[in-house]
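Structural overview
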Amino acid sequence: MHEQKVLKIAYISSVAGILFLFYLSQTVQLEEKNIDDISESDIGKTFLMQGKVVKVASYNNSVAVTIMQENTKTAFFGAEEYIPSEGDFIRFRAKLVDYDGRSSLEGSNIILQKS
Amino acid sequence: MFLEMVVAIAAGIILGSITGLTPGLHINAVSVLIVSFSPFLLAYFSSISLGIVIISMGVTHTFLDTIPSIFLGAPDAETALAVLPGHRMLLAGKGFEAVKLTIIGSLFSLLLSIILMPALIPVIPLIYDVIKPYIGIILILACAYMIYTESTIKKKILGTLLFFLSGILGYVILNFPNLNQPLFPLLSGLFGISLLLVSLSEVNIIPKQRITNSIWIGKKGLVKSIAASVISGSASGFLPGLGSSQAAIIALALVREAGLYTFLIIIGGINTVNFLVSLATFYAIDKARNGAIVAMTEIIPKISIDEVILFMAVALIAGSIASIITLEMTVLFSKLISRINYRKCCLTIIIFVTAGVIYSSSGIGLLVLLVSTTLGIAGQLSGVKKSLMMGCLILPVIIYFLG
């Protein structure tokens, strides 16, 4: 029965550990980056971005939001995300990914900022 | 030029041997280093020669990387599934045979893939768009089949629980912001350290390893396993999001009653085929599915059919030499492993892997290692198929394709 006890403890600990890791992943502090600071070496990294929305375009499963600082940059959000309007100031989580050999920005967790 | 190519093949084989034998060191990292130094290297060597280095390194790596998985319990993503049956054979004094089976898989799959390449290249663009929407469903069916084939209701439930817990863990870790090398602590915990810890409680010594000249494998079993490796390895070579580990699950579902030998042949074959077909995919549809091939595209943006033929020849040469190197290294490991204190060896590996995790992924990586080890122990003790823990990579892919 010793093995059964270890098995139960292992499963319970795993569930607790997974929940804790999930909590950490949602609350980890992220660095804020400007558009001009983003480079190919940031592929795979997640950071915060903010800017004024200058264009919103919807596709089948995603929404392309173009933000402006000194330059512009487009980030792609899932269709289930809150969709801002042109002129809004937003802050969001961004992840630079490699998509078919080109870097692309994936966004999530949009927060509307006061302009 | 010919001498330069020979030197390039030799350099690739040496690098591939080092990466294959060193847990945690992947060819992708070395390929990126080669690309970083390419402005300097291209002053002395042609871009084709650098491409040859990467190809021969990649192929060699796929032969040698099962040695640390089986003998040290330290797998990478591509060989995680080999740890479990391989370690079982090691504890039965058959570690040499286990590695030899993976070599058989790699070599025969390499040969078959090269023979089929003229037919495969034109077909890749045609079936790419047809199969892509169904990858999620194919994986769901493969995993459902594996759970269904558990012998009792209790095991089916435990198997489902293990699959989903591994899957959720994998999803959380792969989406964890800025976690370096997430796969290293994840897979080391699930398949490596957990196995060693359970093994420590059961085993005191590793028996003397038998070094055999021949292994009996039924013709039918061999043909089935090679065919399954080539089919699923090819699919993982050109379909996005489908890696070697996911391909292995599909292959095991295809083969149905996969014995230990069949299992290891498949695992050996898939990695080699995946690498080769990734190269063909780059030629056929301009998409690179393998990290080392992606790195190569920085040096050679486009390849012609002549270069594809050249690289296939390089793969054949590198694979042949790598088979011999792997056998020789396995003999060495087999002789050494039974002389060392098993408990001390396991503890050393655990410390080494833990240090590697802390170095590459810092404190969060250590926490991931702890959680994945705990789940891995649950998986080891549950009495269900340990390959269900590959849910850690399969469930995120299913979510990606169906989400």
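Rules used in this analysis
Residues numbered from 1 in each chain as written. Chains lettered and ligands numbered in written order. Predicted model: local features only at pLDDT ≥ 70, side-chain atom pairs only at ≥ 80, totals over all residues. Helix = DSSP H or I, 4+ residues; strand = E, 2+ residues; numbered from the N terminus. Rg over C-alpha atoms; globule rule 2.2 N^0.38 Å. Buried ≥ 20, exposed ≤ 12 C-beta atoms within 10 Å, placed from the backbone. Contact = placed C-beta atoms within 7 Å. Nonpolar A, V, L, I, M, F, W, Y, C, P; charged D, E, K, R; others polar. Axes fitted to C-alpha atoms, helices over the stretch in contact; angles between N-to-C directions. Parallel < 35°, antiparallel > 145°, perpendicular 65-115°, else oblique. Expected span 1.5 Å × (residues − 1). Bend = angle between axes of the 7 residues up to and from the residue. Pairing = 2+ DSSP bridges. Domains from an automatic or database assignment. Core = buried A, V, L, I, M, F, W, Y, C linked by C-beta atoms within 7 Å. pLDDT = per-residue confidence, 0-100. Left-handed = near helix turned anticlockwise from the far one by under 90°.

From N to C terminus, chain A includes one helix and five strands. Scaling as 2.2 N^0.38, a compact globule of 115 residues should have a C-alpha radius of gyration of about 13 Å, whereas chain A reaches 19 Å, well beyond that. The principal-axis extent of the C-alpha atoms belonging to chain A is close to 65 × 30 × 30 Å.

The subject of this paragraph is the overall build of chain B. Scanning chain B from N- to C-terminus turns up 17 helices and zero strands. In terms of overall size, chain B behaves like a compact globule, its C-alpha atoms giving a radius of gyration of 20 Å where 403 residues would be expected to give roughly 22 Å. Viewed in the frame of its principal axes, chain B has a C-alpha envelope of about 60 × 50 × 50 Å. The burial tally for chain B puts 54% of its 403 residues in the buried class. Nonlocal contacts in chain B, meaning residues at least 24 apart in sequence, comprise 82% of its contacts between residues at least 6 apart.

The next point concerns the interface of chain A and chain B. Contact with chain A, which involves 19 residues of that partner, is made by 21 residues of chain B. When residues of the side of chain A that touches chain B are assigned to their parent elements, the largest contribution, 13 residues, is made by helix α1 (residues 2-27) of chain A. Taken together, the residues that form the side of chain A that touches chain B break down as 10 nonpolar, six polar and three charged.

Residues and elements named next belong to chain B. Packing of helix α7 (residues 95-131) against helix α15 (residues 305-337) brings their axes to within 9 Å, and their N-to-C directions diverge by 175 degrees. Viewed along their axes, α7 and α15 adopt a mutual orientation that is roughly antiparallel. Judged by residue contacts, Gly95, Phe96, Val99, Ile103, Ser106, Leu107, Leu110, Ile114 and Met117 of α7 engage Met312, Ala315, Leu316, Gly319, Ser323, Thr326, Leu327, Thr330, Val331, Ser334 and Ile337 from α15. Class assignment of the residues belonging to the contact of α7 with α15 gives a composition of 13 nonpolar, seven polar and no charged.

To continue, consider α7(B). Here α7(B) contains 37 residues, and its C-alpha end-to-end distance of 38 Å is more than 12% below the 54 Å for a straight helix at 1.5 Å per residue. Of all the bends in α7(B), the greatest reaches close to 60 degrees and is centred on Met117(B); the proline Pro118(B) follows between one and four positions later.

All right, on to the sheet that holds strand β3 (residues 72-78) of chain A then. All names here are of chain A. Judged by pairing direction, the barrel is mixed, and its five strands sit side by side in the order β1-β2-β3-β5-β4 before closing back on the first. Mean inter-strand twist for the sheet, computed between neighbouring axes without regard to direction, equals 55 degrees. Where strand β1 (residues 46-58) meets strand β4 (residues 89-99), seven bridges bridge the pair, whose relative direction is antiparallel. Bridged to glycine 51 within β4 is isoleucine 90.

Turning to the domain arrangement of chain A, a few remarks are in order. Split by domain assignment, chain A resolves into domain 1 (1-30) and domain 2 (35-113). Put simply, the middle of domain 1 of chain A and the middle of domain 2 of chain A, counted by C-alpha atoms, are 33 Å apart.

A separate point is the pairing of strand β5 (residues 102-113) of chain A. Residue and element names in this part refer to chain A. Pairing analysis gives two bridges linking β3 to β5, with the strands arranged parallel. Note on β5: the bridge partner recorded for phenylalanine 76 is glutamate 106. When β4 meets β5, the two strands line up antiparallel, connected through 10 bridges. In the sheet register, lysine 95 faces β5, and the bridge partner there is glutamate 106.

On to the nonpolar core. Grouped together as the largest cluster of nonpolar side chains are 129 residues, with contacts concentrated most on Ile54(B), Leu169(B), Ile249(B), Ala251(B), Ile266(B) and Ile394(B). Top contributing element to this core by residue count: helix α13 (residues 260-285) of chain B, with 14 residues. Excluding residues within four positions of it along the chain, Leu169(B) makes contact with Ile18(A), Val371(B), Ser372(B), Leu375(B) and Cys392(B). If you look at the next biggest cluster of nonpolar residues, it comprises 13 residues, including Val65(A), Phe92(A), Ala94(A) and Leu105(A).

Turning next to the confidence of the model for chain B. For chain B, mean pLDDT is 85; residues scoring 70 or higher make up 95% of the total. Across chain B, the secondary-structure element scoring lowest on mean pLDDT is helix α6 (residues 80-91) of chain B, at 74, and the one scoring highest is helix α9 (residues 153-174) of chain B, at 93.

With that out of the way, let us pick up the packing of helix α8 (residues 135-148) of chain B against helix α12 (residues 244-255) of chain B. Residue and element names in this part refer to chain B. For the pair α8 and α12, the least separation of the axes is 9 Å and the interaxial angle reads 55 degrees. Regarding the angle of α8 to α12, the classification is oblique. Between α8 and α12 lies a crossing whose hand is left-handed. Taking contact as the criterion, the partners of Ile138, Leu139, Ala142, Cys143, Tyr145 and Met146 in α8 are, on α12, Gln246, Ile249, Ile250 and Ala253.

When the pLDDT values of chain A are averaged, the result is 85; 96% of them are 70 or greater. Per-element averaging of pLDDT across chain A places β5(A) at the bottom with 84 and α1(A) at the top with 91.

All names here are of chain B. Within the element layout of this structure, threonine 373 appears in helix α16 (residues 342-382). Judged by C-beta crowding, with 27 C-beta atoms within 10 Å, threonine 373 ranks as buried. The spatial distance from the C-alpha of threonine 373 to the C-alpha of glycine 16 is 29 Å, given a sequence separation of 357 residues. Contact partners of threonine 373, with chain neighbours within four places excluded, come to Gly189, Ile193 and Ser194.

Further remarks concern unusual backbone geometry. Residue and element names in this part refer to chain B. Phi angles above zero are rare outside glycine, and asparagine 178 is one such case at about 60 degrees. Note that asparagine 178 resides in the loop between α9 and α10 (183-202). Overall, the presence of 15 C-beta atoms within 10 Å leaves asparagine 178 in the partly exposed class. In this structure, serine 362 takes a positive phi of about 55 degrees despite not being glycine. Relative to the elements of secondary structure, serine 362 occurs in helix α16. By C-beta crowding, serine 362 is classed as partly exposed, having 13 other C-beta atoms within 10 Å.

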